[in-house]
Amino acid sequence: MQDSRTYYVFLGFHSFLIGLFPFFLPVFLIRSGYSLSDVSVFIGLTALSFCGCLFFWDRVCRAFSFRVTLGFSFGVELVLLLLLTLDIDRNFLPILALVNGIYNCLFWMVQRIFFYSTSSATNSGRKFGNFQIFVTIILKAGIFTGGCVLEEFGVEGVLLVSVISAVTAVYLLINSGVQHELPMEFRNQKPLPAKELVSFSDQHRSRSMFCVDGVFLYLESYFWLISLFYIVQQSFWQLGLLVIVLAAAFSVIFFLIKNRIDTSHRQRVYVVAVALYAFSWLLRGVLSMETGGAELYILLILITFCTSFFRLAFNKRFFDIARKSTGYSYIFCKSYSSQFFLALFFCCFAVVAEGNDIEMQLRITYAGGALLAPLYLLYREIKS
């Protein structure tokens, strides 16, 4: 990929499309009558699909023009939305999870590969901050649009808006006059052998962190979104509005700290970030559907700050270690390890999460998150 315009068109349109509906997928399942156990099974199957797609994509992506990956990624998202316009029962969830996993794989791997190829140890914090601000603005625009369209016109309306957006994105990418290629360093690298993945180990305890992080990422996205959905009385457009308010705080936080994290004491910043992250899970457990007024917004902004700061510190450490170790292979090891472990975790979680009291199940889960978050301290920094 030789021009950043390609990446930002890809990232911008996909972020908008994610906001239109895939962002709402967990609450759509809950609103459709599925339990937290069902959602957990869906997450587990999505993760297995991600692993399978990654294995295949890693072995064929160098043989095709990058335009194929770009176009296919938009097509998969439209298929996902099309499936959601159908009547869904529990037997249909595996198919939905399969498509969702393929889409997640294509989007996140392209994003990570490009970010790695354009950043360095001296600017990874600032670059990730800029990237997150850009994604946040576009994603939240999609979320607000998706929430309003869902409330008024249902999934069919979202599908129409998504088709228009995807066709526009593909047109711009094809007619931009830019040569679309993956980074040369990545194209020259052979696919990650299964033997290397199984034997992967390093002094940073990376594999353990990859397994932990995969679970926490879905707790942050799927489970936390379900909590917010209940707080706004199961309204899509109010959920979208609430997320936008939090995004404003998120963008301010990133703007203030993104340029300083690269020059700050790395280990001290990381330890503080992990402590705040554990605190954010305690705060999530305090929230309930009865929380309101100023207290609600103070808690939500605190949770946003703690989580955002941690993600910035963790991702800086991750990309800095990747750069000093095995590069793209390190990124692939993270994806395989995190996805496979979270598949095991959430399938097991589905067994113990049977029941209808979703709010209580979420509170217990968040308490567990607060206890387990300090495990991130085991992730050793790269030595200069």
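Criteria and cut-off values
- Numbering of residues starts from 1 in every chain and runs along the sequence as written.
- This being a predicted model, a pLDDT of at least 70 is required before a residue's local features are given, and a value of 80 or more before pairs of side-chain atoms are given or counted; all residues contribute to the totals for chains, interfaces and linings.
- Only heavy atoms go into the side-chain values, all of them from the structure, while hydrogens and water stay out.
- Comment: elements are numbered from the N terminus, with helices defined as DSSP H or I runs of at least four residues and strands as E runs of at least two.
- Categorising residues by exposure relies on relative accessible area from a 1.4 Å probe, with only protein chains included: less than 20% of the type maximum marks a residue as buried, more than 50% marks it as exposed, and the intermediate range marks it as partly exposed.
- Only heavy atoms matter for contacts: two residues are in contact if any of them lie within 4.5 Å across the pair.
- Working definition of accessibility: Shrake-Rupley area with a 1.4 Å probe, residue cover restricted to the visible protein chains.
- Only residues whose relative accessible area exceeds 30% and that form no salt bridge are eligible for patches; like-charged ones are grouped when within 9 Å, while nonpolar side chains (Val, Leu, Ile, Met, Phe, Trp, Tyr) are grouped when within 5 Å.
- Think of a salt bridge as a Lys or Arg side-chain nitrogen and an Asp or Glu carboxyl oxygen that are within 4 Å of each other.
- Here the axes come from fitting lines to C-alpha atoms, over the contacting stretch only for helices, and the angles between their N-to-C directions go from 0 to 180 degrees.
- Left-handed describes a crossing in which the near helix is turned anticlockwise from the far one by less than a right angle; the clockwise case is right-handed.
- Nonpolar cores are built from buried Ala, Val, Leu, Ile, Met, Phe, Trp, Tyr and Cys residues. Side-chain atoms within 4.5 Å join them into one set.
- When an angle is under 35 degrees it counts as roughly parallel; over 145 it counts as roughly antiparallel; between 65 and 115 it counts as roughly perpendicular; any other value is oblique.
- Think of it as three bins: nonpolar holds Ala, Val, Leu, Ile, Met, Phe, Trp, Tyr, Cys and Pro, charged holds Asp, Glu, Lys and Arg, and polar takes everything else, Gly as well.
- A pair of sulfur atoms, both from cysteines and within 2.5 Å, is called a disulfide here.
- pLDDT gives the predictor's per-residue confidence on a scale running from 0 to 100.
- A helix's residues, less one, multiplied by 1.5 Å, set its expected span.
- Classification of ring pairs uses Phe, Tyr and Trp, with its six-membered ring standing for Trp, and accepts pairs whose centres are within 6.5 Å; under 30 degrees between planes counts as stacked, over 60 as edge-to-face, and the remaining range as tilted.

### Quick look at the overall build of the chain
Right, on to step 1. Looking only at helices and strands, the chain features 14 helices and 0 strands.
Right, on to step 2. Listing every helix and strand of the chain by position from the N terminus yields α-α-α-α-α-α-α-α-α-α-α-α-α-α.
Right, on to step 3. Taken over 384 residues, the chain has a buried fraction of 57%.
Right, on to step 4. Here the analysis covers contacts within the chain between residues at least 6 apart in sequence; of these, 87% occur between residues at least 24 apart.
Right, on to step 5. Counting only carbon and sulfur atoms, one obtains 66% of the accessible surface of the chain, whose full area is about 16200 Å².

### A look at a nonpolar patch on the surface
Right, on to step 1. A surface patch of nonpolar side chains, amounting to about 370 Å² of accessible area, comprises Leu48, Phe340, Phe341 and Leu344.
Right, on to step 2. Counting residues per element, the nonpolar patch draws most heavily on helix α13 (residues 328-352), at 3 residues.
Right, on to step 3. With respect to the helices and strands, the residue Leu48 is situated in helix α3 (residues 36-60).
Right, on to step 4. For Leu48, a relative accessible area of 41% gives the class partly exposed.

### Overview of the packing of helix α9 (residues 206-231) against helix α14 (residues 358-372)
Each pair of packed helices can be summarised by the angle the axes make with each other and by the distance between the axes.
Right, on to step 1. Following both chains from N to C, one finds α9 and α14 inclined at 145°, their axes separated by 11 Å at the closest point. Crossing of α9 over α14 shows left-handed handedness. Contact residues: α9 offers Phe216, Leu219, Phe223, Trp224, Ile226, Ser227 and Tyr230, while α14 offers Ile358, Leu362, Thr365, Tyr366, Gly369 and Leu372.

### Some remarks on the pattern of salt bridges
Right, on to step 1. In this structure the tally under the stated criterion is 7 salt bridges.
Right, on to step 2. Between Arg311 and Asp213 there is a salt bridge whose closest N-O contact spans 2.8 Å. Note that Arg311 is positioned in helix α12 (residues 293-324) and Asp213 in helix α9, a separation of 98 residues in sequence. By the burial criterion, Arg311 is buried, and Asp213 matches it.
Right, on to step 3. When the shortest N-O distance is used, the salt bridge between Asp213 and Lys334 registers 3.1 Å. Taken together, the residues span a long stretch of sequence, with Asp213 in helix α9 and Lys334 in helix α13 at a distance of 121 residues.

### Considering the nonpolar core
Right, on to step 1. Counting residues in hydrophobic clusters, the biggest one holds 122 residues, and the most contacted among them are Trp57, Phe223 and Tyr376.
Right, on to step 2. At 16 residues, α9 tops the list of elements feeding residues into this core.
Right, on to step 3. Filtering out sequence-adjacent residues up to four positions away, Trp57 remains in contact with Thr69, Leu106, Met109, Val110, Ile113, Leu182, Phe186 and Phe332.

### Some words on the packing of helix α11 (residues 266-286) against α14
Right, on to step 1. Packing of α11 against α14 brings their axes to within 8 Å, and their N-to-C directions diverge by 165°. As judged from the angle between their axes, α11 and α14 are roughly antiparallel. The interaxial crossing formed by α11 with α14 has left-handed handedness. Where α11 approaches α14, its residues Ala278, Trp281, Leu282, Arg284, Gly285 and Val286 are matched on the opposing element by Arg363, Tyr366, Gly369 and Ala370.
Right, on to step 2. Residue composition of the contact of α11 with α14, grouped by class: 6 nonpolar, 2 polar and 2 charged.

### A few points about the state of the cysteines
Right, on to step 1. As enumerated under the stated definition, the model contains 0 disulfides in all.
Right, on to step 2. The closest cysteine sulfur to the non-disulfide-bonded Cys53 is located on Cys105, 3.7 Å from its own sulfur.
Right, on to step 3. Residue Cys53 is classed as buried on the basis of its relative accessible area of 14%.

### Concerning the confidence of the model for the chain
Residues shown with low pLDDT carry predicted positions that ought not to be read at fine detail.
Right, on to step 1. Taken over all residues, the pLDDT of the chain has a mean of 82, while the share at 70 or more is 82%.
Right, on to step 2. Across the chain, the secondary-structure element scoring lowest on mean pLDDT is helix α10 (residues 236-257), at 66, and the one scoring highest is α3, at 93.

### Focus on the environment of Leu84
Right, on to step 1. Within the secondary structure, Leu84 is located in helix α4 (residues 66-84).
Right, on to step 2. Discounting residues that sit within four places of it in the chain, Leu84 has contacts with Phe21, Leu25, Phe28, Leu96 and Val155.

### Focus on the side chain of Ser15
Right, on to step 1. As for its placement among the helices and strands, Ser15 is situated in helix α1 (residues 4-20).
Right, on to step 2. Not counting residues within four places of it along the chain, the set of residues in contact with Ser15 comprises Val135, Ile138 and Leu139.

### Section: α14
Right, on to step 1. The first and last C-alpha atoms of α14 sit 21 Å apart over 15 residues, in line with the 21 Å expected at 1.5 Å per residue.
Right, on to step 2. Every buried residue belonging to α14 is among Ile358, Gln361, Leu362, Thr365, Tyr366, Gly369 and Ala370, and all of these are buried.

### What about the packing of aromatic side chains?
Right, on to step 1. This model, assessed by the stated rule, comprises 31 aromatic pairs.
Right, on to step 2. Pairing Trp224 with Tyr366 gives two aromatic rings, centres 6.2 Å apart and planes at 75°, and the pair type is edge-to-face. Note that Trp224 is positioned in helix α9 and Tyr366 in helix α14, a separation of 142 residues in sequence.
Right, on to step 3. The exposure class assigned to Trp224 is buried, which follows from its relative accessible area of 9%.
Right, on to step 4. You can call Tyr366 buried: its relative accessible area is 1%.
Right, on to step 5. Pairing Phe314 with Tyr376 gives two aromatic rings, centres 5.4 Å apart and planes at 80°, and the pair type is edge-to-face. Placement of the pair is Phe314 in helix α12 and Tyr376 in the segment after α14, with a sequence separation of 62 residues.

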